[in-house]
Amino acid sequence: MRPFRLYEPTTINETVATLSELGDDGKLYAGGTELLLAMKTGLLQYDGLVNVKTVPELEGVSYSNGTLTIGARATHSTVEHSADVLAHAPLIASVEHRVANVRVRNVGTVVGNLCFAEPHSDPGALLLLYEAEVDIASPSGTRSVSVEQLVVGPYETSLAGDELVTRVRVPLLPNGMRGAYLKFGYHHRPTLGVGAAVSVTDGKFLDVRLTLGSAPPKPTRMRDAEAVLRGAAVDDPAVAIEAGRIAAEGCDAIDDLHGSAEYKRHLVQVFVQRALAEAVERGVK
Amino acid sequence: MTQQEFNTVGQSVRRIDSYDKISGRAVYSVDVVVPGMAYAKLVPSPLPHALIKSIDASKARALPGVYAVLTAAELVNMETHYGSDKKDRPIVAMNKVRFQGEPVAAVAAVDLATAEAAAELVEVEYEALSAASDLTSALLPDAEPIHDSNYCHEYGYEWGDVDAAFAGCDRIFEDTFLFPMVYHYAMEPHTCVVSYEHDRIRTWTSAQHPFLVRAELARIFGMQLDQVQVVVPYVGGGYGSKSYTKIEPLVAALSREAGRPVRLAQSVEESMKTVRRHAARATIRTGVMNDGTFVARECLSYVDTGGYTDNGVRVTERISDRIVGPYIFDNVRVKSYGIYTNSTPAGSFRSIGGPQASWACESQTDIIAEALGIDPIQLRLKNLAKKGDEVRRGKRPLEGDLAPKLQMVLDKFGWDNYVREDPSPTVKRGIGFACNVTNSGASPTSTSLVRFHADGSSTVYIGTTEIGQGSRSVMAQIAAEELRIPLASIKVIGSDTDAVPYDRSTGSSRSTTLMGLAVHDAAVDVREQLLEIAAKHFETFADQIEAADGKATFKGESMTFGALVREMFGGSGGELMGRGYVTQNHASGRLTQDPVFWEVSIGAAEVEVDEDTGTVKLLRYVSASDPGKAINPKQVEGQDEGAAMQAIGHSMFEEMLFEDGQFLNPNLVDYRVPTFEDLPGEFETVLIEFGDGPGPYGSKGVGEGGIVCVAPAIANAIFNATGVRLRELPLTPERVWRAIEKSKQ
Ligand SMILES: Cc1cc2nc3c(=O)[nH]c(=O)nc-3n(C[C@H](O)[C@H](O)[C@H](O)COP(=O)(O)OP(=O)(O)OC[C@H]3O[C@@H](n4cnc5c(N)ncnc54)[C@H](O)[C@@H]3O)c2cc1C
């Protein structure tokens, strides 16, 4: 790996100012589990890395008023074991528990995962289920976007070079809504992730959110599939099959090391049904 | 000798290297620092097949801190090529590159960052040639030849009247099976430090076969064996990937060029471009009678040896030796070819040709059983070789009956009482079985030296490489047993060719059997000398004296071994030396035939298949290890389970993927090796100890057997669960799903 300089700012302002100064030659550095791998292979090269882990403001996970906040420094392990997450959104803790392996979870951050925008990832599809948003700081101020808008494609976000994601805000699922997230794959990284959140009244789907990750180029909300479910009978298997079919058709899968596009679309079909069934079952319990 | 008489043999004593390894004191090649040492970086070819038009290293050489750049132009006054059977590998690419990642040049610099920067400055101009990175494309008539032709080696044998036998049998089965290219993934990548000096070469390297590396370096640089020193510190796993000679000649040539010691520590990614296992395509034709009697077998195999031969000659031979299976056929015709392709060269890998052969023959055994309506176990038992049978005509007969060994595995598994319970209509369970015997490739050439000190302790010298298999502990146990001293009084000195006597290699499951005999004999030699001294002291005959617990005793009077040594030298010091020579003509008479022993492999699996996704879960696996006598039972189990676990990789998901010569998954994120999550739900090893091996105490080798039968056992279980037969590894969910979908049509 080519030598680089490591900057260790202690405030958000200093961080974005350093980033801005470095321009294309600099990059933010959190756990490094993506960045350093890419730099070791020579795929990416930077003269300066700006460490977010030295900025106290970016630390931690907290909860207030129906919203979980995940700071930019929070690792997968921090989220997995956070008392707030376990109490208010145990689904997030259980998904985080199955991200990568314990070594990666102990250093890799949720925000770093989102910002690298590697399609084969869990947090994107999971956080879409919660309609989560990120707060962004730059030398010219702050702004917020949804996770859906943050990730625009493989390895591509809507962030400018001098922007820093300071935190993810995760509103809890509305009352009565229950979520499930299923992942599939035999590589280190997931081949497919499907999120489903449903509320049910009188045996019918009242509200539904369906999200898809890893198979499509970016985490995706499957609104067409959601539409056929709303108002439909929960125990009608044909509806879930139809939702799965629509999701599969709408999934922009590609052939890669994880499998053919055809197989991935088949998996989408299978796992949309399974995730829906699991979400419904959780609602019943 | 009955079992009760053993002291440490047969006990799972704690490994003698455990403190070193747990405390971090253990030295590996990467820890070696030689004063003045430079750091090396390779310049790999980005193209899989190309002519080298020119190399311009001037910018790299001009970079401050660079000591030397090695290219083909510098390979003068030396042999330029190396290789175990065929010397077809240039030390750095000459005129042509044959696989992606082949070193075209190498840089030595003051530090790694400088070496890396300089490597990028080496300008190479290529003329691309069309690349063939699989058997099919390399065998096309118009394929661009990689060497003089794309055929590396040819092998075969025949007995009986094969054509007449096929004509006379009731049914003929023909099936083709594919086995993928896989990587060993030893945790320690290849690492080597060489100091080339005008009158000697000193080498520290992660090599399994230090004496073969020594011979190769001596030949290349025109030195005598005594001028070349090869030290092998602890090795972080080998599995064959560090067999023979790998990066040592390149590092030595670079050191000569730089005029100082040089270290090359490869990354995993670089090691994946250094060596791999042979992919294979095997077609088996089997003629049988309706009652299940095996009559004739014909096999045609191709193994993909990549850009260079490496161990391709032996692998081509071994797949043919192992593909007939553990059965008796009166008519056999077997042929195999080693083929060059534009991919990482393929070398030794735990049981060369064994898993490829068994994948084919043991899958087909179940295909035949199904077609004839015979129980697969009964079909095997009907045709199984017995003690004294020549499974391969002209080779060593089997040393023991196989049927009782199979039965031990079936009993442990609960095969006969298996009740299938499918969790759901689309999630199905099933069981599968496979077995084989493999001819160990071990050559009986080992020597050992045992020094016995004046305080009753002893130092044992062995050329066996400690690659994690626990050889040092086992050798210490054998020495302690024969010297009649406690294990704690033994120190084992490992591979340093300047210090330890010759051992051919560490591989082919050979060390306990062959080096074990050498250590045994050397220790007995010392004991006999001690008894002679004691006989003089007590004024009696040696056979009147009892040697036990570090003492010689005669008529109730004892003298410690240390005192005997001191008495002989007439002072406070001195030492005895014992030697052990293992050759074909070893006094035991058990090493005259080839192979030295047959390694037994047996496996039974239970799987659960999710038909909606194609996911296969390995619920249970029972493996057998047949050490004859387990000198350290826990280590035997470790070898067996480690081997089976490694096989789960090539069975379920491991595969090096190449497209037009481009290596698509050259790292451990994209290339999936098994982890603890992939352990079978229940995982057991049955130890078979019938004392029927040629090694000390009736022992024989076990390092490889566990890897041989996993894939066919799993595929047979998948068939049992779903009715779907898979003929291509690995059994990825997509492949299984596709096969299930196809069967529905
Ligand atoms: C073996 C392995 C297995 C894995 N398995 C999974 C899995 O199963 N599921 C899954 O979802 N993921 C998986 N991953 C990915 C893992 O989750 C990510 O590597 C990790 O979360 C990235 O976080 P990091 O802190 O290390 O990011 P870094 O590598 O430090 O940074 C990644 C990118 O994000 C940018 N960045 C970091 N912080 C910020 C910020 N605050 N604002 C703006 N940009 C920022 C960096 O500049 C960089 O471009 C796996 C990774 C490995 C190595």
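Calculation rules
Residue indices begin from 1 for each chain and proceed along its sequence in written order. Labels follow written order: the first chain is A, the first ligand is 1, and so on. Per-residue local features are limited, in this predicted model, to residues with pLDDT of at least 70; the limit for side-chain atom pairs, both in listing and counting, is 80 or more; totals at the level of whole chains, interfaces and linings are taken over all residues. Excluded from the side-chain calculation are hydrogens and water; included are all heavy atoms of the structure. Domain ranges listed in this record stem from an automatic or a database domain assignment. Should any heavy atoms of two residues lie within 4.5 Å, those residues are considered in contact. Two parts placed together each lose some accessible area under a 1.4 Å probe, and the buried area is that loss summed for both. Within this document, salt bridges are pairs made up of a side-chain nitrogen of Lys or Arg and a carboxyl oxygen of Asp or Glu, the two lying within 4 Å of each other. Helix and strand definitions follow DSSP, with helices as H or I runs of at least four residues and strands as E runs of at least two, each counted in order from the N terminus. For this classification, Asp, Glu, Lys and Arg are treated as charged, while Ala, Val, Leu, Ile, Met, Phe, Trp, Tyr, Cys and Pro are nonpolar and the rest, including Gly, are polar. Strands qualify as paired when DSSP identifies two bridges or more between them. The axes used here are C-alpha line fits, helices contributing only the stretch in contact, and every angle between their N-to-C directions lies in the interval 0 to 180 degrees. By definition in this entry, angles of less than 35 degrees are roughly parallel, angles greater than 145 are roughly antiparallel, angles of 65 to 115 are roughly perpendicular, and the rest are oblique. Points on a 1 Å grid, built from protein atoms alone, make a cavity when a 1.4 Å probe fits but cannot get out and make a pocket when they are open with protein on both sides within 12 Å along at least 5 of 7 lines; residues with an atom within 4 Å of a point are the lining residues. Grid points are joined across faces, edges and corners, and a volume is the space filled by probe spheres set on the points. Working definition of a nonpolar core: buried Ala, Val, Leu, Ile, Met, Phe, Trp, Tyr and Cys residues. They are joined through side-chain atoms within 4.5 Å. Classification of residues uses two cut-offs on accessible area relative to the type maximum, computed with a 1.4 Å probe and protein chains only: under 20% is buried, over 50% is exposed, and between them is partly exposed. Counting of polar contacts relies on pairs of N or O atoms within 3.5 Å, with two restrictions inside protein: one atom must be capable of donating a hydrogen and the other of accepting it, and residues adjacent in sequence are counted only when both atoms are side-chain atoms.

Participant: Can you explain the domain arrangement of chain B? Please cite residues and give values.
Facilitator: All names here are of chain B. Per the domain assignment, the segments of chain B are domain 1 (3-26 + 443-582), domain 2 (32-129 + 185-272) and domain 3 (279-441 + 595-743). With centres defined by C-alpha atoms, the gap from domain 1 to domain 3 works out at 38 Å. Every contact between the two is made by 28 residues of domain 1 and, on the other side, 24 residues of domain 3. Taking both partners together, domain 1 and domain 3 bury about 1900 Å²; carbon and sulfur atoms supply 55% of that area. At the boundary of domain 1 and domain 3, one finds zero salt bridges. Looking at the side of domain 1 that touches domain 3, the elements with two or more residues in it are helix H13 (471-483) and helix H14 (511-538). Residue composition of the side of domain 1 that touches domain 3, by class: eight nonpolar, 16 polar and four charged.

Participant: Tell me what's going on with the sheet that holds strand E13 (residues 204-213) of chain A, and back it up with residues and numbers.
Facilitator: Sheets are built from strands paired through backbone hydrogen bonds, the pairs being either parallel or antiparallel. Residue and element names in this part refer to chain A. Read across the sheet, four strands follow the order E11-E12-E13-E14 without closing on themselves; strand pairing throughout is antiparallel. Each end of this open sheet is capped by a strand with a single partner; those strands are strand E11 (178-184) and strand E14 (220-221). Relative to strand E12 (residues 192-201), E11 runs antiparallel, the two being bridged by seven bridges. The partner of Ala180 across the bridge, within E12, is Ala196. Helix H12 (residues 261-284) rests against E11, E12 and E13 of the sheet, and its axis sits at about 150 degrees to E11.

Participant: An account of the packing of H14 of chain B against helix H15 (residues 561-569) of chain B is needed here, citing residue identities and associated values.
Facilitator: If you want to describe how two helices pack, look at the angle between their axes and the distance between the axes. Residue and element names in this part refer to chain B. Remark: H14 packs on H15, axes separated minimally by 10 Å, with the N-to-C direction vectors making an angle of 75 degrees. Compared by their axis directions, H14 and H15 come out roughly perpendicular. Residues Leu530, Ile533, Ala534 and His537 of H14 form the contact with H15, whose participating residues are Phe561, Leu564, Val565, Glu567 and Met568. Across the contact of H14 with H15, the residue classes tally to seven nonpolar, one polar and one charged.

Participant: Which residues make up the layout of surface pockets, and what are the values?
Facilitator: Residue and element names in this part refer to chain B. Reported here for the second largest pocket is a volume of approximately 700 Å³. Taken together, 32 residues form the lining of the second largest pocket, with Glu655, Glu728, Thr732, Glu734 and Arg735 sitting closest to its centre. Across the lining of the second largest pocket, the residue classes break down as 13 nonpolar, six polar and 13 charged.

Participant: Can you lay out the domain arrangement of chain A for me, pointing to particular residues and giving the numbers?
Facilitator: Much of the literature gives interface size as the accessible area that the parts lose upon coming together. Residues and elements named next belong to chain A. According to the domain assignment, chain A consists of domain 1 (5-54), domain 2 (56-171) and domain 3 (178-282). Just the C-alpha atoms count here: the centres of domain 2 and domain 3 sit 22 Å apart. Summing both sides of the interface, domain 2 and domain 3 together bury roughly 2000 Å²; the carbon and sulfur share of this comes to 52%. The tally of links between domain 2 and domain 3 comes to four salt bridges. Arg223 is paired through a salt bridge with Glu148; the nearest N and O atoms lie 3.0 Å apart. Those elements giving two or more residues to the side of domain 2 that touches domain 3 turn out to be helix H5 (90-97), helix H8 (123-129) and strand E8 (151-153). By residue number, the principal contributor to the side of domain 2 that touches domain 3 is H8, which donates five residues. Broken down by class, the residue content of the side of domain 2 that touches domain 3 amounts to 12 nonpolar, four polar and five charged.

Participant: Run through the nonpolar core, naming residues and quoting values.
Facilitator: All names here are of chain B. Within the largest apolar cluster, 102 residues are counted, with the highest numbers of intra-cluster contacts made by Ile323, Phe433, Ile602, Tyr621, Ile714 and Leu731. The residues contacting Leu731, other than those within four sequence positions of it, are Trp359, Ser651, Met652, Ile714, Ala715, Ile718, Leu726 and Val736. Of all hydrophobic cores here, the second largest spans 50 residues; its members include Phe452, Ala479, Ala552 and Phe554.

Participant: A description of the interface of chain A and chain B should follow, citing residues and the corresponding values.
Facilitator: If you look at the interface, chain A gives 20 residues, while chain B gives 21 residues. Together, the buried faces of chain A and chain B total about 1700 Å²; carbon and sulfur atoms form 59% of this surface. For the interface between chain A and chain B, the tally reads three salt bridges. Its salt-bridge partner being Arg274 of chain A, residue Asp610 of chain B comes within 2.9 Å of it at the nearest N-O pair. At the surface where chain A touches chain B, the tally comes to 10 residue pairs in polar contact (both at pLDDT 80 or more). At seven residues, H12 of chain A tops the list of elements feeding residues into the side of chain A that touches chain B. Counted by class, the side of chain A that touches chain B contains 10 nonpolar, six polar and four charged residues.

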